[in-house]
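# Structural characterization, general
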Amino acid sequence: MATEILMPALSPTMEEGTLAKWLVKEGDTVKSGDILAEIETDKATMEFEAVDEGTVGKLLVAEGTQGVKVNTPIAMLLAEGEDASAASAASSASAEPPARTGTGENSKDEKGEDAGAAPAAARSAVEAVSTPEPDESPDWPRGTAVKQMTVREALREAIAEEMERDETVFLMGEEVGEYQGAYKISQGLLERFGPRRIVDTPISEMGFAGIGVGAAFGGLRPIVEFMTFNFAMQAIDHIINSAAKTLYMSGGQMGAPMVFRGPNGAAARVGAQHSQDYAAWYAAIPGLKVVQPYTAADAKGLLKTAIRDPNPVIFLENEILYGRTFDVPDLPDFTIPFGKARVARKGRDVTLISFGIGMAHALEAAEKLAGDGIDAEVIDLRTLRPIDYPAILRSVQKTNRVVTVEEGFPVASIGNHLSAWIMENAFDYLDAPVINCTGKDVPMPYAANLERLALVTADEVVEAVRKVTYR
Amino acid sequence: MARSPARPAQAAAPAPTASANTANVSRDDLLKYYRDMLLIRRFEEKAGQLYGMGLIGGFCHLYIGQEAVVVGLEAAAKEGDKRITSYRDHGHMLACGMEARGVMAELTGREGGYSRGKGGSMHMFSKEKHFYGGHGIVGAQVPLGAGLAFSDKYKGNDNVTFTYFGDGASNQGQVYETYNMAELWDLPVIFVIENNQYAMGTSMKRSTKSTTLYGRGEAFGIPGEQVDGMDVLAVKAAGDKAVAHCRAGKGPYILEMMTYRYRGHSMSDPAKYRTREEVQKMRDERDAIEHVRQLLLQGKHATEDDLKAIDKEIKDIVNDSADFARESPEPAESELWTDIYADADPAPQTA
Ligand SMILES: Cc1ncc(C[n+]2csc(CCOP(=O)(O)OP(=O)(O)O)c2C)c(N)n1
Ligand SMILES: [Mg+2]
């Protein structure tokens, strides 16, 4: 069958050009690689080669023609035995460009099919609101025995259980083995699992994070520990460019099923370079899942889920919480799904939304407010990607007032995102603007008095609640 | 390429005696090294004490044991030279002439501190003394130091920058990116690897198969050598050589200082990664201050009484700094909001 030769584009932005010169004439036989014509734009000239072999049937555009649109047929190439009449038939049959064969999500987005349903949700792959009904099932069956455990022990149990369960899971990081963990999360694990699976690294975050991602590509399930997330900035290129994006870039062929974990946020008096909360940074990245637990039960159940998740998961712990004790269900295999918030306290008057150590301030504020007759509902998001929007919506519909609480910087915070989402999706339910309580817009100071001022406090939350309840 | 025989600090060296190479050292120089090293030691001991009393918070990394490194190198520096280091920075600040009061008050987070209480132990600076910090991210000071050298080369002066980092930091990738550019551009930077043989609890053996760290410069064409960092005279001599190389416009130089920290990595340290005997042996046999003390006494440069007088003088400085650091008030609350942005662009310098 005759083939159309189309006006080529010299660059991705070129729309039209000049057919400067034909180097073949009708009736010439050409083979792949022969130069057919010279094409020009205002920026460049290109020799245009044949890719098929055949006989030049008809030159459709004359030499010297300007403004030839990209993809316009400029000549017909005849296969062996064809004559010029075949050429004109083919030309009219393929006037329409071929239909795009894109898959579901892309073409939907382009046509805006989902736009009416849930505008904010449709933009985000993991945050899609699948059901308007929040999942309010208890995290463990009523009547289950619980044991008291620190967050540190809970994390250690989760790692150990998953390492028992899956041989491909291994832990890697600075001082995780012989030193027993800089914060003792991995205490005893080297003795139990050996150096093949508890891997001490040099101080080479960029290198070992990349090695972790490569190992995940290769079929392992790495847990990469950062001594703190401040040092993950050395490695953030691999977290985002290598781990988060590869599934997408490979068209779904391969990704990085792994966990990056370690303490995040301020410890105590360690100054600006060691005291940053990265929750909002990582939560901004499609391709990552982001977890920030508050209780020991959540730390355990969510870390087990994170290790099993087929995606890169950022697991943000907190040094100050490591030693706090909570009830943890005594179950052989306890997991908590991602995207399911926990209503830590039921209430009618205002919704406090928080996560991680912010929960400590939110709960303390709720206690103080109860004393003043204000009944606060406190929601622990637990995962920031995905976020449990149905739970938020349900609560806003009830209380009509929201205050968010987090330790991070105020600009482009998780609270900012929640405010926007609530405004877009629950505007009619709001009786007051949403207020974001955050850390102050300053690097963390070292001095004890200034550090106290820089951090978000329960009193600031109480103050914000008074504003949104007009009391 | 310069090479001197490796003399690792842990090598079973004989107790230092006056027979060490003191030919070119004056009595005044020796006394100055003694005084400067002793000031660091006593200051750090006091800092440890204040930490124990809760007056210092967060991380606090003491320099005890490594004093000869900074004191020897400062002796090779001239006015205008720059220095930059990690969080283990108190010794560097005292050695380059920063006031004990201002350093101690920063440790307690008070207004009188070098960063007005906002930086803390790991983050202190002095423009006046050309001390560029105090950096908490392991390895980050290495390109920064090369950048300081870049600025001097750009301006066309003959200053050099002493860029200090640890054996652990040597495994950060940015160190090698920096080596490459520093040699490529002949930057006047001395890379001082303070090889105290441990990065927190990781001994050098457990983090690399390289036998030396200075040798890694070879791949980039940077000369270097290993130096007995417990011997202030050896440090000074090596410093002179490195400085001459840099000032002559020949590019960077690497000094791998074999040294040892007596205390834990920071104030909390499980101390399980090395034996008590190992530490004691270093203290007994290789202590840098004791070394100079013996040189002074055996060379009859000073009497026990002279040295006692110095001890007392140092003790007074340190106690005074501690008193100052306790009495200095906390920074004003308004300080929370200052120093986030500089006010206005300075006028451009004419080309
Ligand atoms: C990028 C980064 N990773 C990890 C840490 C935590 N950390 C602080 S000091 C240290 C050890 C550094 O050892 P070394 O470079 O030998 O210096 P030394 O403490 O012995 O002076 C580690 C791992 C950090 N501050 N920065
Ligand atoms: Mg070290």
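About the cut-offs
Here the residue numbers are simple positions, counted from 1 along each chain's written sequence. Here every chain gets a letter starting at A, and every ligand a number starting at 1, in the order they are written. Note on the predicted model: pLDDT of at least 70 is required for a residue's local features to be given, and 80 or more for side-chain atom pairs to be given and counted; whole-chain, interface and lining totals, by contrast, use all residues. For side-chain calculations, the full set of non-hydrogen atoms in the structure is used, while hydrogens and water are omitted. A residue's pLDDT is the confidence the predictor assigns to it, expressed on a 0 to 100 scale. Contacts were defined at the residue level, with two residues in contact if any of their heavy atoms lie within 4.5 Å. UniProt positions are given in the numbering used here, feature names are shortened, and annotations may be inferred rather than shown by experiment. Going along the chain from the N terminus, every DSSP run of H or I of four or more residues is numbered as a helix, and every run of E of two or more is numbered as a strand. Helix axes use the C-alpha atoms of the stretch in contact, all axes being lines fitted to C-alpha atoms, and the angles between their N-to-C directions lie in the range 0 to 180 degrees. Here a crossing is taken to be left-handed if its near helix is turned anticlockwise relative to the far helix by less than a right angle, and right-handed if that turn runs clockwise. Amino acids outside the nonpolar list (Ala, Val, Leu, Ile, Met, Phe, Trp, Tyr, Cys, Pro) and the charged list (Asp, Glu, Lys, Arg) are all regarded as polar, and Gly is one of them. The term buried area means the drop in 1.4 Å probe accessible area that two parts suffer when joined, counted for both and summed. By definition here, a salt bridge exists when the distance from a side-chain nitrogen of Lys or Arg to a carboxyl oxygen of Asp or Glu is within 4 Å. Side-chain atoms alone can form a polar contact between residues adjacent in sequence; in general such a contact is a pair of N or O atoms within 3.5 Å, and within protein one must be able to donate a hydrogen while the other accepts it. DSSP calls a pair of strands paired once it identifies at least 2 bridges connecting them. Being near a molecule or strand, for a residue, comes down to having at least one heavy atom within 4 Å of it.

### Comments concerning the confidence of the model for chain B
Residue and element names in this part refer to chain B.
- For chain B, the average pLDDT comes to 93, and 93% of its residues sit at 70 or higher.
- Considering only residues more than four positions removed or in separate chains, one finds that residues 1-20, a stretch of pLDDT under 50, has 43 contacts.
- Taken over the whole predicted complex, pTM reads 0.82, whereas the ipTM for its chain interfaces reads 0.82.

### Regarding the UniProt feature "domain: Lipoyl-binding" (unreviewed entry) in chain A
- Per the UniProt entry, the sites bearing "domain: Lipoyl-binding" (unreviewed entry) are residues 2-78 of chain A in this numbering.
- Split by type, residues 2-78 of chain A is 0% helix and 53% strand. Its first and last C-alpha atoms lie 5 Å apart.

### Quick look at the packing of helix α12 (residues 389-399) of chain A against helix α13 (residues 414-426) of chain A
Residue and element names in this part refer to chain A.
- At a closest axis distance of 11 Å, the pairing of α12 and α13 adopts a crossing angle of 65°. In the crossing of α12 with α13, the sense of the turn from one axis to the other is right-handed. Contact residues: Tyr-389, Ile-392, Leu-393 and Val-396 in α12; His-417, Leu-418, Trp-421, Ile-422, Asn-425 and Ala-426 in α13.
- Broken down by class, the residue content of the contact of α12 with α13 amounts to eight nonpolar, two polar and no charged.

### Brief notes about the interface of chain B and chain A
- Across the boundary between the two partners, chain B contributes 41 residues, which contact 34 residues of chain A.
- Roughly 2,900 Å² of surface becomes buried between chain B and chain A when both sides are summed, with 60% attributable to carbon and sulfur atoms.
- Across the chain B-chain A interface, the total number found is two salt bridges.
- Of the charged contacts, one joins Arg-206 of chain B and Asp-200 of chain A as a salt bridge, the two residues approaching to 3.1 Å between their closest N and O atoms.
- Taken together, the links from chain B to chain A amount to 14 residue pairs in polar contact (both at pLDDT 80 or more).
- A per-class count over the side of chain B that touches chain A returns 16 nonpolar, 18 polar and seven charged.

### Comments concerning the sheet that holds strand β5 (residues 45-49) of chain A
All names here are of chain A.
- The four strands are arranged β5-β4-β2-β7 in an open sheet whose pairing can be described as antiparallel. Strands with a single pairing partner mark the edges of an open sheet, and in this sheet they are β5 and β7 (65-69). Sheet twist, expressed as the average angle between the axes of neighbouring strands with direction ignored, equals 40°.
- One ladder, built from three bridges, connects strand β2 (residues 16-22) with β7; its direction is antiparallel. Across the sheet, the residue bridging to Gly-17 is Val-68, located in β7.

### Some words on the side chain of Ser-395 of chain A
- With respect to the helices, strands and loops of the structure, Ser-395 of chain A is situated in helix α12.
- Setting aside its immediate chain neighbours within four residues, Ser-395 of chain A contacts Thr-351, Glu-377, Ile-379 and Asn-400 of chain A.

### Let's talk about the site of ligand 1
- By nearness alone, 22 residues border ligand 1, and Glu-205 of chain A together with Tyr-87, Arg-88, Gly-168 and Ala-169 of chain B come closest of all.
- Near ligand 1, the surrounding residues belong to chains A and B.
- Contacts to ligand 1 include Arg-88 of chain B, whose side-chain N or O atom sits 2.8 Å from an oxygen atom.
- Here the shell around ligand 1 is composed, by residue class, of ten nonpolar, eight polar and four charged.

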